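Chain by chain, the residues run as shown.
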Amino acid sequence: MTFIDMTVVNVALPALQQELHATITDVQWVIEAYALFLGALILIGGSLGDQFGRKKLFLIGVVAFTAASVWCGLSHSPRQLIIGRALQGIGAAFLVPGSLAIISATFDGAARGRAIGTWSGFSAITTAIGPVVGGWLIEHVSWRAAFFLNVPLAAIVIVLSLRYMDESKDPSRTGRIDWIGALLAVLGLGGIVLGLLEWPPLGPGHPVVVSALAVGVVCLVVLVLVEHKVRSPMMPLHLFQSRTFSLANVLTLLLYGAIGVVFFLVPLLLIQVQGYSATFAGAAFLPFPIIMFALSRWSGGLVARTGPRLPMTVGPVIAAVGLALFARAGIERGHYWTTFFPAAVLLGLGMAITVAPLTTTVMGAVPSDHAGVASGINNTVARVAGLLAIAVFGVVLVRKFDAEMLPQLQQSWVSPVVRAQIQKELPKMAGAQLQGVSLDPLRRSVIQGQIREAFLSGFRLVVIEAAVLALAAAAFGAGVREPTRKAAS
């Protein structure tokens, strides 16, 4: 459910933007509201499951996630949809951490490895098939079907869980839940995201932007101070005393941020600029999960053969090349095999080389009794990375779009009234609808083409900067220390 939802919603964005008359900021919030609450609360969700029962919290998460999905499917305004996505993120924060914890508590030894492998396989399958199936539903039914799809899946999950799943807890987890840390994380990340998303429409000096960024920064600073002092912190900061653990998480933040913003923008480009169907846009990234799945066993053994530094350096570099290749996209459709396909292949190869060694390094950088917390922190960092990247690069995208489009509009031979009508649509960027504007068909076509070119310019700038971010991740990977090897006796 959660893997499908993370990938299908990106494909649904153009359709829901058109139906709900959403701006690019609204569309960003559709993604950000979910990521904000999931990223900020996922560690709390794992702690609650350990303390009060993993099965119980897992089922609560399934029900909450499904109810929020129905809310999203019934939404008739961007605001309603954004609220529904926030509720989905809260449900997912209970659902996601419980899945692997339940598997680990249910199976032992080799059976646990096979069970986790099955979980990983289904994750890869849904990541690959979800956008294609969701794209078909969006194209032939409605974008709402992408959310209603969770209802039958949830019914199956609940029936199987009640019948076959045993309850499990961690007897050692009896401390207080760090609700203050969770609240500060939501306010800190939320303030920064709000400030960045409202920056382009309101301007950097607007009181809303300034106050939101200030509140966000202050809350994150206070979060660090609180996590140092509370008895049972949501995020034990002493783990970051490990140089390897810290570098691995910085690498995660940079690399997953770069990928998150590209996964957000590519479906918009394919559908709104190049005119592809939602089904095709869902299938465009198929090489990415297929390559990661095919190379998962091979990459899992890389650390033992080469140590962590080489794959955590080479992998992000290859991913950076893949990200940069997306900049070769143009207005015209029909060049998928020479533009998007090689970019997706290299991106998948780079991530396949990186992910397993990165996970192994994170888990091995801290004492074994903190392995679960270390994994949770790294998972949180990966999710927060996309949240922040979409907000930051959204500013870059909008500023580049305006710099390209507004001078052309000022020089165009249209009346001030018509110009005002067009400017009212520009916050939708490539999703701008000019059918209601008083223009002859030829001039409307010209201005629509200018809008697409301006969006493409912003897209190219963002993917190049995302590639630079991936190269920076490679630099941090190169700084990871190789584990000390014991001499043979």
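Residues numbered from 1 in each chain as written. Predicted model: local features only at pLDDT ≥ 70, side-chain atom pairs only at ≥ 80, totals over all residues. Heavy atoms only, no water.

Looking at this structure, I do not really get the packing of aromatic side chains. What am I missing?
Aromatic ring pairs are described here by two measures, namely the spacing of the ring centres and the angle between the planes. Applying the stated criterion to the full structure yields 13 aromatic pairs. Ring centres of W143 and F147 lie 6.2 Å apart, and the angle between their planes is 90°; this geometry places the pair in the edge-to-face category. Considered together, W143 and F147 belong to a single accessibility category, that of buried residues. Among the aromatic residues, those joined into a cluster by ring pairs are F263, Y276, F280, F285, F288, F326, Y336, W337, F340 and F341. Cation over ring: R333 sits above Y276, and NZ or CZ is 4.5 Å from the ring centre. (Phe/Tyr/Trp six-rings, centres within 6.5 Å; stacked < 30°, edge-to-face > 60°. Buried < 20%, exposed > 50% of the residue type's maximum accessible area, 1.4 Å probe, protein only. Lys NZ or Arg CZ within 6 Å of the ring centre and 35° of its normal.)

Which parts of the structure should I look at to understand the environment of A154?
Looking at where A154 falls in the secondary structure, it is placed in helix α7 (residues 150–164). Given a relative accessible area of 3%, A154 falls into the buried group. Sequence separation of A154 and T252 is 98 residues, and the distance between their C-alpha atoms is 30 Å. With sequence-adjacent residues up to four places away left out, A154 is seen in contact with M1, V62 and T66. (Helix = DSSP H or I, 4+ residues; strand = E, 2+ residues; numbered from the N terminus. Contact = heavy atoms within 4.5 Å.)

Explain the packing of helix α8 (residues 179–202) against helix α9 (residues 207–229) to me, please; I cannot follow it from the model alone.
The relative placement of two packed helices comes down to the angle between their axes together with the axis-to-axis distance. Packing of α8 against α9 brings their axes to within 7 Å, and their N-to-C directions diverge by 155°. Looking at the two axes, α8 sits roughly antiparallel to α9. Classified by chirality, the crossing of α9 by α8 is left-handed. Here the residues of the contact of α8 with α9 sort into 20 nonpolar, five polar and two charged. (Axes fitted to C-alpha atoms, helices over the stretch in contact; angles between N-to-C directions. Parallel < 35°, antiparallel > 145°, perpendicular 65-115°, else oblique. Left-handed = near helix turned anticlockwise from the far one by under 90°. Nonpolar A, V, L, I, M, F, W, Y, C, P; charged D, E, K, R; others polar.)

Help me out: how do you make sense of the environment of T361 in this one?
Secondary-structure assignment places T361 in helix α16 (residues 340–364). Residues T361 and R309 lie 52 residues apart in sequence; the distance between their C-alpha atoms is 9.5 Å. Setting aside residues no more than four positions away along its own chain, T361 makes contact with T244, P308, M312 and V480.

Help me understand the nonpolar core in this model?
One recurring pattern in soluble globular proteins is that nonpolar side chains are buried together. If you look at the biggest cluster of nonpolar residues, it comprises 141 residues, and the most contacted ones within it are L13, V262, L265, F326, I422, F455 and F459. If one sorts the elements of this core by residue count, helix α10 (residues 243–273) sits on top with 19 residues. Apart from residues lying up to four places away in sequence, L13 is in contact with V27, V30, I31, F264 and L268. (Core = buried A, V, L, I, M, F, W, Y, C linked by side-chain atoms within 4.5 Å.)

Any chance you could explain unusual backbone geometry here in plain terms?
Trans is the prevailing form of peptide bonds, just as negative phi is the prevailing case for residues other than glycine. Although it is not a glycine, H21 sits at a positive phi angle of roughly 55°. Looking at where H21 falls in the secondary structure, it is placed in the loop between α1 (2–20) and α2 (24–52). Of note in the backbone geometry, M429 takes a positive phi value of approximately 55° without being a glycine. Looking at the secondary structure, you find M429 in the loop between α18 (416–425) and α19 (441–478). Relative accessible area serves as the criterion here: at 2%, M429 is assigned to the buried category.

Whenever I open this one, the side chain of R383 confuses me. Can you help?
Tracing the sequence through the fold places R383 in helix α17 (residues 371–411). Using a relative accessible area of 17% as the deciding quantity, one classes R383 as buried. Setting aside anything within four residues of it in sequence, one finds R383 in contact with M6, A35, L38, G39, I42 and V96.

Sorry if this is basic, but what is going on with α7 here?
Along an α-helix, residues three or four apart share an orientation, since each turn contains 3.6 residues. Between its first and last C-alpha atoms α7 spans 21 Å; for 15 residues at 1.5 Å apiece the expected length is 21 Å, and the two agree. Among all positions in α7, only N150, A154 and S161 are buried. Looking straight down α7, one finds that the buried residues subtend no more than 35° of arc, so they occupy a single side. Facing away from the buried side of α7, by more than 90 degrees, are the exposed residues V159, R163 and Y164. Its buried side turned inward, α7 meets α1, α3 (54–74), α4 (78–106) and α6 (145–148). (Expected span 1.5 Å × (residues − 1). Arc of directions from axis to C-beta.)

Nothing here speaks to function; it is all geometry.
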